[in-house]
Amino acid sequence: LNATLLNSAWLLAATALGSLLITRELDLLVTAAVLLILPFAFYLESRARLTKIRWVENGLILALFFGSLARFIFLKSTFLIVVAEFLTGFMLLKLCFKKERADILQIIALSFFLLLSTSTLALDFTFTVSFALYVIVASWTLSLYTLARSPESAGFETRARVRQTLYRNCRVTLGLTLFFAVGIFVFFPRLSIAVFQGAFLGPAHKSGYTETINLAKAGRIQEDPAVMLRVELKSGRRPGYLYLRGSSLSRFDGKTWTVNPQKRSELVKDAYRSRLLKAQKVTKNRF
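How each quantity is defined
- Residues numbered from 1 in each chain as written.
- Predicted model: local features only at pLDDT ≥ 70, side-chain atom pairs only at ≥ 80, totals over all residues.
- Heavy atoms only, no water.
- Axes fitted to C-alpha atoms, helices over the stretch in contact; angles between N-to-C directions.
- Helix = DSSP H or I, 4+ residues; strand = E, 2+ residues; numbered from the N terminus.
- Parallel < 35°, antiparallel > 145°, perpendicular 65-115°, else oblique.
- Left-handed = near helix turned anticlockwise from the far one by under 90°.
- Contact = heavy atoms within 4.5 Å.
- Nonpolar A, V, L, I, M, F, W, Y, C, P; charged D, E, K, R; others polar.
- Phe/Tyr/Trp six-rings, centres within 6.5 Å; stacked < 30°, edge-to-face > 60°.
- Buried < 20%, exposed > 50% of the residue type's maximum accessible area, 1.4 Å probe, protein only.
- pLDDT = per-residue confidence, 0-100.
- Salt bridge = Lys/Arg side-chain N within 4 Å of Asp/Glu carboxyl O.

### Notes on the packing of helix α1 (residues 3-21) against helix α6 (residues 127-147)
At their nearest, the axes of α1 and α6 sit 9 Å apart, and the two run at 155° to each other. On the basis of their axis angle, the class for α1 and α6 is roughly antiparallel. Considering the relative orientation of α1 and α6, their crossing is left-handed. Here α1 contributes Thr 4, Leu 5, Ser 8, Ala 9, Leu 11, Leu 12, Thr 15 and Ser 19 to the contact with α6, which in turn contributes Ser 130, Leu 133, Tyr 134, Val 137, Ala 138, Trp 140, Thr 141, Leu 144 and Tyr 145. For the contact of α1 with α6, a count of residues per class yields eleven nonpolar, six polar and no charged.

Here it is as structure tokens:
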């Protein structure tokens, strides 16, 4: 591979990984792995000491995928964090092996998805710095990838051809990145779409009533002005006889409090009996 293209791919991967690290949402071990593996792998690449063992690389990627899937299903880890850490591990694995032309294309694609993952985790406008830097590096890398052909098919590239290639790649990179990143960064977290609600996408927690309370989640609470209960008093009835009863969360599985269906029916019966007793007392007092 062309040395300039290879170095540019490394710069693009470092830019994408760095933009994800500055969100400070990744696990400490994942952050440490990026900071240690990235420079060490680049050192081995510069010394031409990396090898290509396809079955080992594919096996590690599959193991990473199923491990991430197990984390999401069994450990109930946050979906966006699992995706971000999977993409990070995927990128590190690609960087740790000798690269061919197809691997460079995969690194470019992975960097794009890493930037999209960053846009869902970044909660301030420092993301714009990462976005601008990524567009510049990605455009340059794509241009080099297009121009760096195999010796058999490579021909004389005129200045006009190079300029045309650069313009086309810049338009494609900027358009796709702007469309997806702005769409995810602006609309999904801020509109609190259900699939993206979690501890890392505040404000995803709203004030109000719910029949499920997860103690493992944390985050800012957004005040919700929606009406939770409306009570109307008929004319002639005094407020002193008003009695309201809420539900009770009585089932706990170690993380989440929920309503026990059996307890719900008992509460309804208790409320009904309580209303009958109060009605009898009121009747006796009147007579």
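Read on for the rest.
### Some remarks on the packing of aromatic side chains
Counted according to the given criterion, the structure contains six aromatic pairs. Ring centres of Phe 65 and Phe 66 lie 5.3 Å apart, and the angle between their planes is 70°; on these two criteria the pair is classed as edge-to-face. Taking the relative accessible area as the measure of exposure, Phe 65 reaches 39% and is therefore partly exposed. Between Phe 72 and Phe 79, the ring centres sit 5.5 Å apart and the planes meet at 65°, which makes this aromatic pair edge-to-face. Overall, Phe 72 belongs to the partly exposed group, its relative accessible area being 36%. Taken together through their ring pairs, the aromatic side chains of Phe 65, Phe 66, Phe 86 and Phe 90 make up a single cluster.

### What to know about the confidence of the model for the protein chain
Predicted confidence across the protein chain gives a mean pLDDT of 76, with 63% of residues reaching 70 or more. By mean pLDDT, helix α8 (residues 261-286) is the weakest element of the protein chain at 60, and helix α2 (residues 28-46) is the strongest at 93. Across residues 150-156, where pLDDT falls below 50, the model places one contact with residues more than four positions away in sequence or in other chains. Confidence drops under pLDDT 50 across residues 190-203; counting only partners more than four residues distant or on other chains, this segment forms 27 contacts.

### With respect to the pattern of salt bridges
Tallying each qualifying case throughout the model produces eight salt bridges. Across the salt bridge formed by Glu 57 and Lys 52, the nearest N and O atoms sit 2.8 Å from each other. Judged by relative accessible area, which is 23%, Lys 52 ranks as partly exposed. Glu 85 is the salt-bridge partner of Arg 71, the closest N and O atoms lying 2.5 Å from each other. With Arg 71 in helix α3 (residues 54-74) and Glu 85 in helix α4 (residues 79-95), this residue pair connects regions lying 14 residues apart in the sequence. Note on Arg 71: relative accessible area 26%, which makes it partly exposed.

### A look at the side chain of Ser 77
Within the fold, Ser 77 resides in the loop between α3 and α4. With relative accessibility at 17%, the residue Ser 77 sits in the buried group. Excluding anything up to four places from it in sequence, Ser 77 contacts Arg 71, Phe 72 and Val 82.

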